[in-house]
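# Summary of structural features
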Amino acid sequence: MHNETIDLLCKHRSIRKYQQQPLKLEQIELILKAAQSVSSSNFLQCSTIIRITDMIRRKKLAHYSGDQNYITQAPEFWVFCADFNRHYQIEPGLQLEKAEQLLLGCIDTAIMAQNVVVAAESLGLGAVYIGGLRNNIDKVTELLAIPKYVLPLFGLCIGYPDPADNPEVKPRLPKELVIFKNQYQPINRNLLKQYDEQINNYYQHRSTNQKVGGWSDKIAKIINQENRDFILAYLHKQGWITK
Ligand SMILES: Cc1cc2nc3c(=O)[nH]c(=O)nc-3n(C[C@H](O)[C@H](O)[C@H](O)COP(=O)(O)O)c2cc1C
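Each chain has its residues counted from 1, following the order in which its sequence is written. Given that this is a predicted model, residues contribute local features only at a pLDDT of at least 70 and side-chain atom pairs are listed and counted only at 80 or more, while totals for whole chains, interfaces and linings are drawn from all residues. Side-chain metrics rest on all non-hydrogen atoms present in the structure, leaving aside hydrogens and water.

### Side note on the site of the ligand
The local shell around the ligand holds 13 residues, among which H12, S14, Q68, Y70 and K170 are the closest. With respect to the ligand, the side chain of H12 contributes an N or O atom lying 2.7 Å from an oxygen atom. In protein, a polar contact means a hydrogen-donor-capable atom and an acceptor-capable atom, both N or O and within 3.5 Å, with residues adjacent in sequence counting only if both atoms are side-chain atoms; elsewhere, any N or O pair within 3.5 Å suffices. In this structure, K170 approaches the ligand through a side-chain N or O atom, which is 2.5 Å from an oxygen atom. Here the Shrake-Rupley method, with its probe set to 1.4 Å, supplies the accessible areas, and only the displayed protein chains count as covering residues. Notes on the ligand: free accessible area 630 Å², of which the protein chains cover 66%. Note on conventions: DSSP H or I runs of at least 4 residues are helices, E runs of at least 2 residues are strands, and numbering of each starts at the N terminus. Per-element tally for the shell around the ligand: the top contributor is strand β3 (residues 126-130), with three residues. Residue classes follow a fixed rule: Ala, Val, Leu, Ile, Met, Phe, Trp, Tyr, Cys and Pro count as nonpolar, while Asp, Glu, Lys and Arg count as charged, and any other residue, Gly among them, counts as polar. When its residues are assigned to classes, the shell around the ligand shows four nonpolar, five polar and four charged. Whether a residue is near a molecule or strand depends on its heavy atoms: it is near if one of them lies within 4 Å of it.

### Examining the nonpolar core
Buried residues of nine kinds, namely Ala, Val, Leu, Ile, Met, Phe, Trp, Tyr and Cys, make up a nonpolar core once their side-chain atoms join them within 4.5 Å. Whether a residue is buried, partly exposed or exposed follows from its accessible area with a 1.4 Å probe, protein chains only, as a fraction of its type maximum: under 20%, in between, or over 50%, in that order. Among the nonpolar cores identified, the biggest contains 32 residues, and I31, F80, V116, L151 and I158 are the most heavily contacted of them. Going through the elements one at a time, α2 (25-36), β2 (76-83), α6 (99-122), β4 (150-159) and α10 (231-237) are the ones with two or more residues in this core. Residues contacting I158, with those up to four places away along its chain left out, are Y18, L23, A74, P75, E76, W78, V116, A120, L125, G126 and A127. A74, V79, V128 and C157 belong to the second largest nonpolar core, which has 21 residues in total. Here, two residues are considered to be in contact whenever any of their heavy atoms come within 4.5 Å of each other.

### Things to note about the domain arrangement of the protein
The extent of an interface is frequently quoted as the accessible surface area lost upon association of the parts. According to the domain assignment, the protein contains domain 1 (4-164) and domain 2 (171-227). Note that the domain bounds were set by an automatic or database domain assignment. Relative placement of domain 1 and domain 2: their C-alpha centres are 27 Å apart.

### A word on the packing of α2 against α6
Interaxial angle, 0 to 180 degrees, is taken between N-to-C directions of lines fitted to C-alpha atoms, where a helix line uses only the stretch in contact. The N-to-C vectors of α2 and α6 enclose an angle of 145 degrees; their axes lie 8 Å apart at closest approach. In terms of crossing hand, the pair formed by α2 and α6 is right-handed. Together, I31, A34, A35 and Q36 of α2 and M112, N115, V116, A119 and A120 of α6 make up the contact between the two elements. Of the residues in the contact of α2 with α6, the class split is seven nonpolar, two polar and no charged. If you view the pair so one helix is near and one far, a crossing is left-handed when the near helix is turned anticlockwise from the far one by less than a right angle, and right-handed when it is turned clockwise.

### What to know about the side chain of D108
Relative to the helices and strands, D108 is located in helix α6. For the purpose of counting charges, residues Lys and Arg are taken to be positive, whereas Asp and Glu are taken to be negative. His and the chain ends are not included. When a carboxyl oxygen of Asp or Glu lies within 4 Å of a side-chain nitrogen of Lys or Arg, that pair is called a salt bridge. Buried D108, no salt bridge; nearest opposite-charge side chain is R86, N-O distance 9.2 Å. D108 has contacts with S40, S41, C46 and S47, leaving out every residue within four places of it along the chain.

### Quick word on α2
Any helix carries an expected span of 1.5 Å times its number of residues minus one. With 12 residues, α2 should reach 16 Å at 1.5 Å per residue; the first-to-last C-alpha distance of 16 Å fits that figure. Looking only at α2, the buried set comprises Q27, I28, I31 and A35. Along α2, the residues classed as buried sweep out an arc of 100 degrees about the axis, all on the same side. In this structure, α2 carries L25, E26, L30, K33 and Q36 as exposed residues pointing more than 90 degrees from its buried face. The inward-facing, buried residues of α2 abut β1 (47-51), β2 and α6. Comment: arc refers to directions from the helix axis out to C-beta atoms.

Right under this line is the structure:
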């Protein structure tokens, strides 16, 4: 059994090369309507999208994100923020800075962003999230005039995929390792080994950026490399998670 929506979701892959063609205003408005239609914890609507149309700012953001040049090539680049500043402007006596608000802001904003990705893909567009934005989060904050109680979480490039670059769908972990019944399960190492072989095969045969290695080999390297130790101090500075 399948339907159009599920087929669309299952053929997702990040797009990092775009045609020059800009999006039509109606497309942008439709995508933004889908973004704002998401569920919202306690209906607080604590997310903000900053659409970056100014190419000078775009170039700086690309640089701050580790020279990810698709940020300048994509017709659209949006920055997703968890945002309680709006609420603070309405109610200056608010008790903010609690850990729960960090979770709430991140959860709601990620859900909103995924509606954007799905809506864009349904229009034949492609997208890639840019977590690299947090590499230089202080500079991003200054460049975009982001006030206290607002947290830029990630960016998103959107555009028509370049047909010359057609990335394959990446195989996901076996469902037995991800979806449990009634209680948490320890990892099944045989299935993990099979998955590592599958990923190694995928990496060696995909159309671009071929490499050798499984999935689990990379965990330590990625997690230890992406340390961004400055994030906690940044969160405190912005008025998040001090309580
Ligand atoms: C929050 C988030 C941040 C990401 N940041 C980056 C990024 O900075 N640069 C990039 O090229 N891809 C980024 N990605 C894309 C992932 O690398 C990609 O989703 C993953 O490898 C799976 O590939 P797929 O999306 O093609 O299925 C990010 C994805 C997420 C969800």
